[in-house]
Amino acid sequence: MENSIFLGGGGESYATQQFLNLKYANRHGLIAGATGTGKTVTLQILAEGFSNAGVPVFMADVKGDLSGLAASGSADFKLHDAFTARAEKIGFSDYRYGSFPVTFWDLFGEQGHPVRTTISEMGPLLISRLLELSEAQEGILNIAFRVADEEGLPLLDLKDLQALLVWLGEHRADLSLRYGNISVQSIGAIQRRLMVLENQGAADFFGEPALALGDLMRTDADGRGQVNILAANKLMASPRLYATFLLWLLSELFEELPEVGDPDKPKLVFFFDEAHLLFEDAPKALIDKVEQVARLIRSKGVGVYFITQNPADVPEDILGQLGNRVQHALRAFTARDRKNLRLAAETYRDNPRFSTEDAIRDVGVGEAVTSTLMKKGVPSIVERTLIRPPSSQLGPITKAERKAVIQASDLNDKYAQTVDRKSAYEVLQTRAAQAAKQAEELESREEDMAMAEREYASARRYSGARVGRSSSKRMGSARSGRSTSFGDKMTKMVVKELTGTTGRRIVRGLLGGLFKGR
């Protein structure tokens, strides 16, 4: 079938071939099934199909198995005979081994090119979600972002945000009059959560050079779409960071890509593995944002595919937008499992030849119940499908092979080194240093004035002792006149100094050093 991806054979004898129409591939999809039923292989063959069609792919590799896309399958593989037999059974006459253009990414910079974004680009909503902040703490974070904009303080990395929160605490009395109450306790709670995030290794995620979305949407010299694989095995130890990053990436794609309507094939396909992590304990505002992005991003030419164990993990409003579905086996061991199985079966267009509920329960490893969008976006009748074998290597490549792919990439030089340009941390440090210097100058000047006063007092005492008590009224008057004259001069000198340029600079240093430049 032209302009489509071959999924496998359907029907009782698997003679009926099943395809994913590229024209409707941007209308999102679902890959579901219990552990060990074949979701990873389905993900792999979809990535191969999109790449061959010239569509770039972004996918998270939770178990490390998807790195095999960078290497060709081999006749020496132990499942070679089983693969060729399956290809023959489903009529896959074009089956052959081959590798695909792969770019490895890693938030921690260990198993791929570092992935970075800035604090400003992430925004207060997603950072609040990442830090699990309360409503009051989220409000303070929003104040911090507003102040950063007004003060011209770029927020790029964690130390920028930490420095701004310290500054916020020092000036909370003045800022509370404008933005509402800013408590030291809430600022401290945010700082502690930032420290936990930093200890988990997430500090490297915030900074520059930030990920350029164009680097995810490339094709190779043969016109095949680049397969972007995010190393997520270590990242899964921080599930909140994983979910927040993928949601940020979706949001960035939504905001930056132009409207294209319904193209003949997607501009990018995004696979969200372990999708339940996105919605688990998520506030309604966040789920609404995911729903909005999922509904509207298809007009940007981006297809989003959720991979999870059970369709019930995905909110109903979002599940209703997933038109292309590959459902592997669901096991029904409990009453709740049976209910979820029944609900999953009810979302498919019935096939009169078999019970969808029974098929979802009974399909074996490598089999699935499939339904894709046909002409005019109408879902096809559900079919039992034997999934086609992959052309690339099944299982992970070696560390040496992965390293070779990373070093050979033309993106290695671009993202390898962190760039730390002047931002909020440096600006606030400079302002604090200037204020401290001005305070020292003022203290030194005060000491000079105190010394002058002591010298003046000493001179009076010395003059009084020298003249003696028997001095005449005229001499006393003259002495008094000289003393007054000396005191007037001293006072005028101090007043002049304080009203001059230096004095004004000192006063500014005391009352508003940190607001300099506003």
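Residues numbered from 1 in each chain as written. Predicted model: local features only at pLDDT ≥ 70, side-chain atom pairs only at ≥ 80, totals over all residues. Heavy atoms only, no water.

Visitor: Talk me through the overall build of the protein chain; I want residue IDs and the actual numbers.
Guide: For the protein chain, the count of helices and strands is 18 helices and 12 strands. Within the protein chain, the fraction of its 518 residues that count as buried is 49%. Long-range contacts, defined as pairs at least 24 residues apart, comprise 78% of the intrachain contacts of the protein chain with a sequence gap of at least 6. For the protein chain, the accessible area works out to roughly 25,200 Å², and carbon and sulfur atoms hold 50% of it. (Helix = DSSP H or I, 4+ residues; strand = E, 2+ residues; numbered from the N terminus. Buried < 20%, exposed > 50% of the residue type's maximum accessible area, 1.4 Å probe, protein only. Contact = heavy atoms within 4.5 Å. Areas by Shrake-Rupley, 256 points an atom, 1.4 Å probe, with all protein chains shown as cover.)

Visitor: So, helix H4 (residues 135-151): which residues are in play, and what are the values?
Guide: The terminal C-alpha atoms of H4, which comprises 17 residues, lie 24 Å apart, in line with the 24 Å expected from a rise of 1.5 Å per residue. Gly152 lies just past H4 and shows a positive phi near 70 degrees. (Expected span 1.5 Å × (residues − 1).)

Visitor: With reference to specific residues and values, describe a negative patch on the surface.
Guide: The grouping of Glu440, Glu441, Glu443, Glu446, Glu447 and Asp448 at the surface amounts to a negative patch. Inspection of the secondary structure puts Glu441 in helix H16 (residues 424-467). Note on Glu441: relative accessible area 34%, which makes it partly exposed. (Patch = residues over 30% accessible without salt bridge, like charges linked within 9 Å, V, L, I, M, F, W, Y side chains within 5 Å. Salt bridge = Lys/Arg side-chain N within 4 Å of Asp/Glu carboxyl O. Lys, Arg positive; Asp, Glu negative; His and termini not counted. Charge placed at Lys NZ, Arg CZ, Asp CG, Glu CD.)

Visitor: Now, about the pairing of strand E1 (residues 4-10): what can you tell me, with residues and values included?
Guide: Most of E1 sits out of view: seven of its seven residues are buried. Two elements, E1 and strand E2 (residues 16-21), share six bridges in a ladder whose sense is antiparallel. The residue bridging Gly10 from the neighbouring strand is Thr16, located in E2. Where E1 and strand E12 (residues 383-387) come together, three bridges link them in antiparallel fashion. By the bridge assignment for E12, Gly10 is matched with Thr385. (Pairing = 2+ DSSP bridges.)

Visitor: Give me the lowdown on the sheet that holds strand E9 (residues 302-308), citing residues and values where you can.
Guide: The 12 strands are arranged E2-E1-E12-E11-E10-E3-E9-E8-E4-E7-E5-E6 in an open sheet whose pairing can be described as mixed. Either end of the sheet is taken by a strand with one partner, and the two such strands are E2 and strand E6 (113-114). Pairing geometry for strand E4 (residues 57-61) and strand E8 (residues 268-272), over three bridges, is parallel. Across the sheet, Phe58 pairs through a bridge with Phe270, a residue of E8.

Visitor: Tell me about the packing of H4 against helix H7 (residues 184-199), and please be specific about residues and values.
Guide: Contact pair H4 / H7: the axes reach a minimum separation of 9 Å and the direction vectors enclose 85 degrees. By the angle class used here, H4 and H7 are roughly perpendicular. Side by side, H4 and H7 meet where Gln137, Ile140 and Leu141 of the first sit next to Ser186, Ile187, Ala189, Ile190 and Arg193 of the second. Tallied by class, the residues present in the contact of H4 with H7 amount to five nonpolar, two polar and one charged. (Axes fitted to C-alpha atoms, helices over the stretch in contact; angles between N-to-C directions. Parallel < 35°, antiparallel > 145°, perpendicular 65-115°, else oblique. Nonpolar A, V, L, I, M, F, W, Y, C, P; charged D, E, K, R; others polar.)

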